[in-house]
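Descriptive structure summary
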Amino acid sequence: MERAIKDKIRDTRAGFTDAQAGSAAALRDKVKKNCLKNAHRTFEQGIQCVQVNSMNALVSIQDSVMIIHAPYGCSACASLGAIERLNIYKHHRGEEESGESRIISTALGEKEIILGGEKRLEETVRAAIDRHHPKIVFILASCSSAIIGDDIDAAAERMREEYPDTIFAPIHCEGFKSRNHATGYDLALGALQNYVIRDAAPPKEKGLINLFATHSLSYADQLEMKRMLRAIGLEANIMPYHATYEDIMRIPAAEYNISVCQIFGDEYMAFLHEKYGTPYTVTCMPIGSDSTDRWLRSIAKLCGREEEAETFIARERAEVTAEIEEIRKKTEGLRVCITAGTGRGLAAATLMGEYGMQLLCIHTPYYERAYAEDFERLEQYHGDEFLINVADMQPYEQINLVRKYKPDLFIGMANWVSRLGIPTVHILDAKRPTFGYHGVLYLGRKIEDVLDNNNFNKKLSRFTDPPFRESWYREDAFKYIEFPEDIVS
Ligand code: SF4
């Protein structure tokens, strides 16, 4: 089947780096001179797999099943991340009874790796269809199925002949394809276009806006974004989390396209602009008042609804200003380190600025030319000396830095920082509202709480060993990075 969107990887985007470190000023200057190059880690802890993000993006599509064509291990993350998150999401929607998520592994074994696994894939697809009668079957490749040359496109084609009423969407999301796991999102959105929407071109619906959003959004945040868009006269079609077939088919009918952050859906929105002429904007994540202002204003500008947006912003800000000032009395001047995904981390850093905190270090999976302006914007809150550590995961670097900086607060997934006794807050909250003006208060109160009572982390630090040997903390955190300027050929 001819695909309108060809597979692309994000590693080739202008100025892409996933291994770099330096002050905000140093990275900004290099980007401006077009000389920011990716460095190389001679030692790495694991990075996130592309396949996991394709899985995350599509797992919740209603009336679908997902076949992971792989050994068991590749779907291990499904139960830890994708399914747990989906169950929480369904609980918040009051949909506990709406059935399990349907992720099925072909469980490739030694025999299939030697003799080929297409037969196993077809048997699995048949069993899945008999059991669930889905409208859409996603078939996700893995490293092993790609290495042994299993042709998931050809298998999908044969299945189409056998089940003409079912949509088959093969996705080439094997982990070795890209070092940028956001590639997995692009491949997932591309599959919706290539195999579900195809050439459909429904008439435009007035006021309809597609909001492309990752799986990490809580239901509360979805509702908040819908509320904000409704306030400026727009109806949001949130994609693809928990979408129905009908929602997917409405994508080309939207008048506008936006995304929840700088990373998600930008490539797909560019495609939609080219194919359907749908205008779009790439903006920040609406965490914190300033970022929410910017998010809403750029959408309002896109849709010509600036007046409605300004009225809404003034009203919402007035409701939260007094409490923000109150919280700020406790947070002013505190020193903070942040570890988060690129879009969420950037927004969190602006929020810390609003609460008067000083950013010491931000740990971000990627830095590329497209995000340079967003990092530069942080300088108005935090100056240009804060450290940017570009790394997808790599907790050994993070913990070395956090131990040296000894911040008053750490923002991010805190498992290992908690053991240092430092107060920690995470903002990737699948359960609660973190977006918009009221999210500012929720996060501010959460920070207040951990500052008031950090006893749990203090006790952890007293009764547990640090995550790494003492000798590691005396080393340079970037000991295992070879910077391009240091390499003499
Ligand atoms: S697809 Fe490859 S990188 Fe991803 S989990 Fe499977 S083996 Fe690991």
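Attention now moves to the overall build of the chain. Across its full length, the chain holds 20 helices and 16 strands. Relative to a compact globule of 489 residues, whose C-alpha radius of gyration would be 23 Å, the chain shows 23 Å and is just as compact. Principal-axis analysis of the C-alpha atoms places the extent of the chain at approximately 65 × 55 × 50 Å. Residues classed as buried in the chain amount to 57% of the 489 residues present. By sequence separation, contacts in the chain at least 24 residues apart represent 76% of the contacts at least 6 residues apart.

On to the sheet that holds strand β3 (residues 64–68), then. Taken together, 4 strands build an open sheet; the order of strands is β4-β3-β5-β6 and the sheet is parallel. Every interior strand has two partners, whereas the edge strands, β4 (103–105) and β6 (167–171), have only one. Direction aside, the axes of adjacent strands within the sheet are offset by 20° on average. Where β3 lies against β4, 3 bridges are found, and the strand directions are parallel. What sits directly across from I68, in β4, is S105. Packing of helix α2 (residues 50–58) onto the sheet brings it into contact with β3, β4, β5 (136–140) and β6, and relative to β3 it is tilted by some 170°.

With that settled, consider the domain arrangement of the chain. For the chain, the assigned domains read domain 1 (48–178), domain 2 (208–303) and domain 3 (320–482). For domain 2 and domain 3, the distance between their C-alpha centres works out to 27 Å. Listed as interface residues are 24 residues of domain 2 and, on the opposing side, 27 residues of domain 3. With both sides pooled, the region where domain 2 packs onto domain 3 buries about 2,000 Å², and carbon together with sulfur makes up 58% of that total. Counting every contact that joins domain 2 to domain 3 gives 1 salt bridge. Measuring nitrogen to oxygen at the nearest pair gives 3.1 Å for the salt bridge that ties R294 to D374. Here domain 2 is connected to domain 3 by 12 residue pairs in polar contact (both at pLDDT 80 or more). When contributions to the side of domain 2 that touches domain 3 are tallied by element, the ones reaching two or more residues are α9 (219–231) and α12 (289–303). Here the residues of the side of domain 2 that touches domain 3 sort into 11 nonpolar, 7 polar and 6 charged.

Turning our attention to the site of the ligand. In the vicinity of the ligand, the residues found are C49, C74, S142, C143 and G175. Considered class by class, the residues forming the shell around the ligand number 3 nonpolar, 2 polar and no charged.

Where α12 meets helix α14 (residues 342–354), the axes come as close as 7 Å, and the angle between the chain directions of the two elements is 125°. When the axes of α12 and α14 are compared, the pair comes out oblique. Across from S289, D290 and S291 in α12, the residues of α14 making contact are A347, T350 and E354. Residue classes in the contact of α12 with α14 are distributed as 1 nonpolar, 3 polar and 2 charged.

This part covers the pairing of strand β7 (residues 208–213). Most of β7 is tucked away, with 6 of its 6 residues classed as buried. Burial along β7 is two-sided: the face carrying L208, N210 and F212 and the face carrying I209, L211 and A213 are both buried. Pairing of β7 with strand β8 (residues 235–240) involves 6 bridges; the strand directions are parallel. Following the sheet pairing, L208 is matched in β8 by E235. Read from β7 through α9 to β8, the crossover connection turns out right-handed.

So, how was this worked out
- Residues numbered from 1 in each chain as written.
- Predicted model: local features only at pLDDT ≥ 70, side-chain atom pairs only at ≥ 80, totals over all residues.
- Heavy atoms only, no water.
- Helix = DSSP H or I, 4+ residues; strand = E, 2+ residues; numbered from the N terminus.
- Rg over C-alpha atoms; globule rule 2.2 N^0.38 Å.
- Buried < 20%, exposed > 50% of the residue type's maximum accessible area, 1.4 Å probe, protein only.
- Contact = heavy atoms within 4.5 Å.
- Pairing = 2+ DSSP bridges.
- Axes fitted to C-alpha atoms, helices over the stretch in contact; angles between N-to-C directions.
- Domains from an automatic or database assignment.
- Buried area = accessible area lost by both parts, 1.4 Å probe.
- Salt bridge = Lys/Arg side-chain N within 4 Å of Asp/Glu carboxyl O.
- Polar contact = N/O pair within 3.5 Å; in protein donor to acceptor, adjacent residues only side chain to side chain.
- Nonpolar A, V, L, I, M, F, W, Y, C, P; charged D, E, K, R; others polar.
- Near = heavy atom within 4 Å.
- Parallel < 35°, antiparallel > 145°, perpendicular 65-115°, else oblique.
- Right-handed = clockwise from strand over helix to strand, strands pointing away.

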